[in-house]
Amino acid sequence: MSWKAIDALDDARDATASLLLPFDAGRWARLALIALFVGGLGGSGGAGSNTGTTAPTGGGSTDIPVDSLPGFVTPENVFAAVVALAAVAVVLAIVWSFVGSVMQFVLVDAVVTKDVRIRKPFRERFWLGVRLFAFQVGLAVAVLAVIVVPVAAVLLGSVAVTPAAALLAIPLVLLAILLAFVLAVVMQLTTDFVVPTMIAEDRTLLSSWGRVVPVFRAEFSEFGLYVIVRFVLGILASIGIGIAALLALLVVAVPFAIVGGAAFLALNAANVALGSAVGLVVFGALGLLFVLAAIAVGALVQMPVVTYFRYYSLFLLGSADDSLDLVSQFRSDDDSSAPEGPTPA
C-alpha cells in the first residue's frame, strides 16, 4: 500500500532541490526573507537569543542617592517608558504577524512558479493575507476567551475562591492544553492546505475551508498521517536548525569579537569610559549589527526547511484532489501518488 503522505516527502525533497539549486544569491535572499516571516524568530529560527543589558553586580553599596540620578529619571517616567516599550512591542508583534500572514501566500506563489518575488505578489495577495490574519486572530481570541473568562471571574471576585473552585483549575488546565493543541492543528491545516486552496480556486478563507473539509474526510488517514509526520519532522528540523544556526553564529561572531576588542582597546587608549556616550554608541551599534546578523543567519538556515514543508503540503493536497494540485508540473511521470480524479466539491 502506498501512502500519499509518505510519497509526498520525496516529491517535496526533489522540488526543493530544483528550486534552491543551482545556487542563486538573490533567490536565496528573497526566500530567506519570506521564511523569516513564515517560520518566525523562535527556536526554529535560531535567532531568538536576547542580548539585554544587566546592572553591574560589583561590590559596594547599591543605595544610589536620589539626587545623584538625572532629573528625568523618576518612577513615573520609568513606568511610562515601560508602558511605551510594551505598547511598541505589541504593535510590532501585530505588524509582524500580519506580514507573516501575507507572506504565506507569497511563499506559495514562489514555490509554485519558482519565480521568487516579494513586492508584486505581496500587493496581489494583500487582501487574502488580511482574511488569513483576521481568521487567526479571531480563532486565537475565541480559544483564549474560553480560558480567560473563568479565570477573570475568580480574579474579579465574581466567584468565591474555595477548595471546590480550586479543584476546577485541574480540568481548566487540561482544557487549555487540549484547546492549544486543537488551535495549533487548525492553524497548521489552514496555512498548509486552505491557503493554497484560496489561491487555486480564488476563494475566500471560509469558503476554502468548506472546500477542503470533504477532501480531509475522503483522505482522513492520509491527512492524519501528515499531521503526525509534520509534527515529528518539525521537532527534528527545529533541533537541526538550532544546531546549524548556533554553529553559523559562532562563525559570524568572530569578526564582531575582533572589532569589539579593537574598539575596546582604542577607547581604553583614548581614556574614554565604556559607560560614556561614545562607548555606549560604539558597543550599542555593534550589538545591533550582531542581532541583525543573527536574524539573517536564522532566516537563511531555516529557509530550506520552510520551503520543503510548503512543498510537502502542496504535493499531498494535489495528490488528494487534482483540482487543487498547484505542483503537478513538478511530479515525475511515474509518481504513483498522482491523483486519479477530482474530488467533488
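Keep in mind the model is a prediction, meaning the values are calculated, not measured.

Colleague: Looking at this structure, I do not really get the overall build of the protein. What am I missing?
Modeller: Scanning the protein from terminus to terminus reveals ten helices and zero strands. The linear arrangement of helices and strands in the protein, starting from the amino end, is α-α-α-α-α-α-α-α-α-α. In the protein, once contacts between residues fewer than 6 apart in sequence are set aside, the share between residues at least 24 apart is 74%. When the accessible surface of the protein is totalled, it reaches about 19600 Å², and 73% of it is carbon and sulfur.

Colleague: Help me out: how do you make sense of the UniProt feature "transmembrane region" (unreviewed entry) in the protein in this one?
Modeller: Per the UniProt record, "transmembrane region" (unreviewed entry) is found at residues 78-111, 132-158, 164-186, 227-258 and 278-301. Between the C-alpha atoms that bound residues 78-111 the distance is 48 Å, and the span itself is 100% helix and 0% strand. Annotated as 100% helix and 0% strand, the span residues 278-301 places its first and last C-alpha atoms 35 Å apart.

Colleague: Where do I start with helix α10 (residues 277-320) in this structure?
Modeller: Think of an α-helix as turning once every 3.6 residues; residues three or four places apart then point the same way. With 44 residues, α10 should cover 64 Å at 1.5 Å per step; its first-to-last C-alpha distance of 62 Å lies within 8% of that length. Largest kink in α10: about 40 degrees, centred on glutamine 302, with the proline proline 304 one to four residues after it.

Colleague: What is the right way to read the environment of valine 130 from this model?
Modeller: Its place among the elements puts valine 130 in helix α5 (residues 126-155). For valine 130, a relative accessible area of 25% corresponds to the partly exposed category. The sequence separation of valine 130 and valine 102 amounts to 28 residues, and the corresponding C-alpha distance is 7.2 Å.

Colleague: Can you walk me through the packing of helix α9 (residues 220-269) against α10 in this structure?
Modeller: The geometry of a pair of packed helices is captured by two quantities: the angle between their axes and the separation between those axes. At a minimum axis distance of 9 Å, the contact between α9 and α10 shows a crossing angle of 160 degrees. Classified by the angle their axes make, α9 and α10 are roughly antiparallel. Relative to α10, the crossing made by α9 is right-handed. Grouping the amino acids of the contact of α9 with α10 by side-chain chemistry returns 32 nonpolar, five polar and two charged.

Colleague: So what exactly am I meant to see when it comes to the nonpolar core here?
Modeller: Burial of nonpolar side chains together is a common tendency in soluble globular proteins. If you look at the biggest cluster of nonpolar residues, it comprises 63 residues, and the most contacted ones within it are Leu31, Ile34, Met103, Phe193, Trp209, Tyr311 and Tyr312. For this core, the element with the highest residue contribution is α10, accounting for twelve residues. Beyond its immediate stretch of four places on either side in the chain, methionine 103 contacts Ile34, Phe37, Val38, Ile118 and Phe122. By size, the runner-up hydrophobic cluster in this structure holds five residues, among which are Val143, Ile147, Leu179 and Met187.

Rules behind the numbers
Residues numbered from 1 in each chain as written. Predicted model: local features only at pLDDT ≥ 70, side-chain atom pairs only at ≥ 80, totals over all residues. Heavy atoms only, no water. Helix = DSSP H or I, 4+ residues; strand = E, 2+ residues; numbered from the N terminus. Contact = heavy atoms within 4.5 Å. Areas by Shrake-Rupley, 256 points an atom, 1.4 Å probe, with all protein chains shown as cover. UniProt positions renumbered as here; feature names shortened; annotations may be inferred. Expected span 1.5 Å × (residues − 1). Bend = angle between axes of the 7 residues up to and from the residue. Buried < 20%, exposed > 50% of the residue type's maximum accessible area, 1.4 Å probe, protein only. Axes fitted to C-alpha atoms, helices over the stretch in contact; angles between N-to-C directions. Parallel < 35°, antiparallel > 145°, perpendicular 65-115°, else oblique. Left-handed = near helix turned anticlockwise from the far one by under 90°. Nonpolar A, V, L, I, M, F, W, Y, C, P; charged D, E, K, R; others polar. Core = buried A, V, L, I, M, F, W, Y, C linked by side-chain atoms within 4.5 Å.

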